[in-house]
Amino acid sequence: MNKAVLLINLGSPNKPTIPSVWKYLRQLLMDPRVIDIPFLLRYFLVNFIIIPTRVSNSTREYKQLWKKFGASPLINYAEKLTVKLNNKKSGVDYYFAMRYQNPSIDKVLSKIYSKNYEELVILPLYPQYASASTGSTIEHCNRIINEWWNFPKIKIINHFYNHESYIKCLLENI
């Protein structure tokens, strides 16, 4: 059976610049699962209050991270993890995407769809379920997959905070 696993994390701006951070924050904060208020109120709050007051400080913080890691640490770690998992030769193909920005879930799911896998595991990398993270991610994936003509077997892992291996990993790192 050919199988794909899609690892998904929250995301990162494409660059540590004010326009890129603004775009990232706008995409994140305009998600109705992140700020659960009516659209017009959310639009005003995000675009005229939150982002204008936060974008400079956020951009400064992202620049510090980029300087330290040479790129977005979240994307850097996701790329390394995906390469390591694919090098295991387990018969499973691993992909990663970001809920907000790039690599986008849309593009990665399109690549997965084109390979006609028999099974797709969607694994948001958030240990516990929250509507603003896991819920938004799963909803977005479902919206894309609902337009496919052929469906693989789909498994969604919506939490893993209580999985034995995850707990063991936490204990070893403590």
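Given the structure is predicted, the values throughout are model-derived calculations rather than measurements. (Residues numbered from 1 in each chain as written. Predicted model: local features only at pLDDT ≥ 70, side-chain atom pairs only at ≥ 80, totals over all residues. Heavy atoms only, no water.)

Overview of the packing of helix 4 (residues 105-114) against helix 5 (residues 131-145)
Rule in force here: Think of each axis as a best-fit line through the C-alpha atoms, taken over the contacting stretch in the case of a helix, with angles from 0 to 180 degrees between the N-to-C directions. The helix count covers DSSP runs of H or I at least four residues long, the strand count covers runs of E at least two residues long, and both are numbered beginning at the N terminus. Working definition: roughly parallel below 35 degrees, roughly antiparallel above 145 degrees, roughly perpendicular at 65 to 115 degrees, and oblique for all remaining angles. Crossings are classed by handedness, with left-handed meaning an anticlockwise turn of the near helix from the far one by less than a right angle and right-handed meaning a clockwise turn. Throughout, a contact is declared for two residues whenever any of their heavy atoms are within 4.5 Å. Amino acids are sorted into nonpolar (Ala, Val, Leu, Ile, Met, Phe, Trp, Tyr, Cys and Pro), charged (Asp, Glu, Lys and Arg) and polar (every other residue, Gly among them).
Closest axis-to-axis distance for the helix 4/helix 5 pair is 10 Å, and the angle between their directions is 50°. Taken together, the axes of helix 4 and helix 5 are oblique relative to one another. The handedness of the crossing between helix 4 and helix 5 is right-handed. Across the interface between the two elements, Ile-105, Asp-106 and Leu-109 of helix 4 pack against Thr-137, His-140, Cys-141, Ile-144 and Ile-145 of helix 5. Looking at the contact of helix 4 with helix 5, its residues break down into five nonpolar, two polar and one charged.

Quick notes on the environment of Gln-101
Note the threshold: Only protein chains enter the area calculation, which uses a 1.4 Å probe; residues under 20% of their type maximum are buried, those over 50% are exposed, and those in between are partly exposed. Here a polar contact is taken to be a pair of N or O atoms separated by no more than 3.5 Å, where protein atoms must pair a possible hydrogen donor with a possible acceptor and residues adjacent in sequence count only if both atoms sit in side chains.
Here Gln-101 is to be found in strand 2 (residues 92-101). Judged by relative accessible area, Gln-101 falls into the buried class, the value being 7%. Distance from Gln-101 to Cys-169, taken between C-alpha atoms, is 29 Å for residues 68 residues apart in sequence. Not counting chain neighbours up to four residues away, the residues in contact with Gln-101 comprise Ser-12, Pro-13, Asn-14, Lys-23, Tyr-24 and Gln-27. A distance of 2.6 Å separates polar atoms of two side chains, one belonging to Gln-101 and the other to Gln-27.

Quick word on a nonpolar patch on the surface
The line we're drawing: Put simply, a patch holds well-exposed residues, over 30% relative accessible area, that have no salt bridge, with like charges counted together within 9 Å and Val, Leu, Ile, Met, Phe, Trp or Tyr side chains within 5 Å. Areas reported as accessible are Shrake-Rupley estimates using a 1.4 Å probe. Residue values count occlusion only from the protein chains shown. The salt bridge definition used is simple: a Lys or Arg side-chain nitrogen within 4 Å of an Asp or Glu carboxyl oxygen.
Together, Phe-39, Leu-40, Tyr-43, Phe-44, Phe-48 and Ile-49 make up an exposed nonpolar region whose accessible area comes to about 640 Å². Mapping Tyr-43 onto the fold places it in helix 2 (residues 39-69). Tyr-43 gets classed as partly exposed once you look at its relative accessible area, which sits at 33%.

Looking at the nonpolar core
Put simply, the rule reads: Nonpolar cores are built from buried Ala, Val, Leu, Ile, Met, Phe, Trp, Tyr and Cys residues. Side-chain atoms within 4.5 Å join them into one set.
Counting residues in hydrophobic clusters, the biggest one holds 17 residues, and the most contacted among them are Leu-6, Leu-109, Ile-112 and Leu-120. Secondary-structure elements contributing two or more residues to this core are strand 1 (3-12), strand 2, helix 4, strand 3 (119-124) and helix 5. The greatest single-element share of this core, amounting to four residues, is contributed by helix 4. For Ile-112, the residues in contact, after removing those within four places along its chain, are Ala-4, Leu-6, Tyr-95, Tyr-117 and Leu-120. Membership of the second largest hydrophobic core comes to 13 residues, among which are Leu-29, Met-30, Val-46 and Val-55.

Considerations on helix 1 (residues 18-29)
Along an α-helix, a turn takes 3.6 residues, which lines up residues three or four apart on a common side. Stated formally: The length a helix should cover is 1.5 Å for every residue beyond the first. Arc, as used here, means the arc of the directions from the helix axis to the C-beta atoms.
The end-to-end C-alpha distance of helix 1 is 16 Å, a good match for the 16 Å that 12 residues give at a rise of 1.5 Å each. Residues of helix 1 that are buried include every one of Ser-20, Val-21, Tyr-24, Leu-25, Leu-28 and Leu-29, and no others. Considered in projection along helix 1, the buried side chains sweep an arc of 150° and stay on one side of the axis. Residues of helix 1 that are exposed and point more than 90 degrees away from the buried face comprise Pro-19 and Lys-23. Buried residues along helix 1 sit against strand 1, helix 2 and strand 2.

A look at the sheet that holds strand 1
Let me state the cut-off plainly: Strands pair, by our definition, only if DSSP identifies at least two bridges between them.
Here four strands make up an open sheet; going across it, the order is 2-1-3-4 and the pairing parallel. Each edge of the open sheet carries a strand with a single partner, namely strand 2 and strand 4 (153-156). Each strand of the sheet is rotated relative to its neighbour by a mean of 20°, with strand direction disregarded. Pairing geometry for strand 3 and strand 4, over four bridges, is parallel. By the bridge assignment for strand 4, Val-121 is matched with Lys-155. Its contacts with the sheet put helix 3 (residues 73-87) on strand 1 and strand 2, and the angle it makes with strand 2 is roughly 165°.

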